[in-house]
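Inside the fold
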Amino acid sequence: SPEDSEYTDTCWTTDRSGNPVLALWFDTLSAGGAGNSDVYAVSFPDGKPVSLPVPIYGIEATPVGEAMTSQVTVPETGYTETLDLNRWLTNYDKQMKEWNPDATPGPIYSEDGTLEWPAAPGQIDDFHYAESAEEGIVLRQYLYGTAHMDGMGDLVTTLSWEGGQPVVLKQEFEWYY
């Protein structure tokens, strides 16, 4: 319940028509203990509360090519960006060296020369963060390659509603470079 959550917040915002919407989010212990946020939105047509859908988005990614890039797409909206895995790996290696000075940086290849790691982002969590926006709410979903610790970025979606249906106002990836 929200009372048991360390991170609970609410906000009043509006839908596309300027009608009031109450949004509530609270953290949960899920995703292997990493935590997610349950997010709810309610409008009040005719003074009665009506639950609004808050969609969770997925991702699809092309295999990593020779240039160490991958096209990452949100299938529900068609939004696409290119992830530069060389740039991501440079930042990842820097962080690993801070934690473990003996860490071996760089990509990992199999004996036949096939890239084994890093992999294109293939996983995305439910929401891990929400905040109010001028209209609607901003939601963040964590995405990663083969292991949860290989966080590659967040899918950031600004969501509102029109006629009770969700409308994406803005969507982008914030890569962990």
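This text goes with the structure placed above it.
Residues numbered from 1 in each chain as written. Predicted model: local features only at pLDDT ≥ 70, side-chain atom pairs only at ≥ 80, totals over all residues. Heavy atoms only, no water.

With that settled, the discussion passes to the sheet that holds strand E6 (residues 69–73). As summarised here, the arrangement of the three strands in space is E5-E6-E7, forming an open sheet in which the pairing is antiparallel. In the strand order of this sheet, the two ends are held by strand E5 (60–61) and strand E7 (80–84), each with one partner. Both E6 and E7 contribute to a ladder of five bridges, which runs antiparallel. From the neighbouring strand, Gln71 faces E7, where its bridge partner is Thr82. (Pairing = 2+ DSSP bridges. Helix = DSSP H or I, 4+ residues; strand = E, 2+ residues; numbered from the N terminus.)

Before going further, it helps to spend a moment on the pairing of strand E2 (residues 20–28). In the sheet, strand E1 (residues 8–14) pairs with E2 via seven bridges, with the strands oriented antiparallel. For Thr13, the partnering residue across the bridge sits in E2 and is Val21. Where E1 hands over to E2, the hairpin turn is made up of five residues, of which Gly18 adopts a positive phi near 85°.

In the structure shown here, the tally under the stated rule is five salt bridges. Its salt-bridge partner being Arg140, residue Glu174 comes within 2.9 Å of it at the nearest N-O pair. Here Arg140 lies in strand E11 (residues 137–144) and Glu174 lies in strand E13 (residues 165–175), a separation of 34 residues in the sequence. Judged by relative accessible area, Glu174 falls into the partly exposed class, the value being 33%. One salt bridge in this structure joins Lys170 and Glu172, with 3.8 Å as the shortest N-O distance. By sharing partners, the salt bridges in this structure join Arg16, Glu135 and Glu162 into a single network. (Salt bridge = Lys/Arg side-chain N within 4 Å of Asp/Glu carboxyl O. Buried < 20%, exposed > 50% of the residue type's maximum accessible area, 1.4 Å probe, protein only.)

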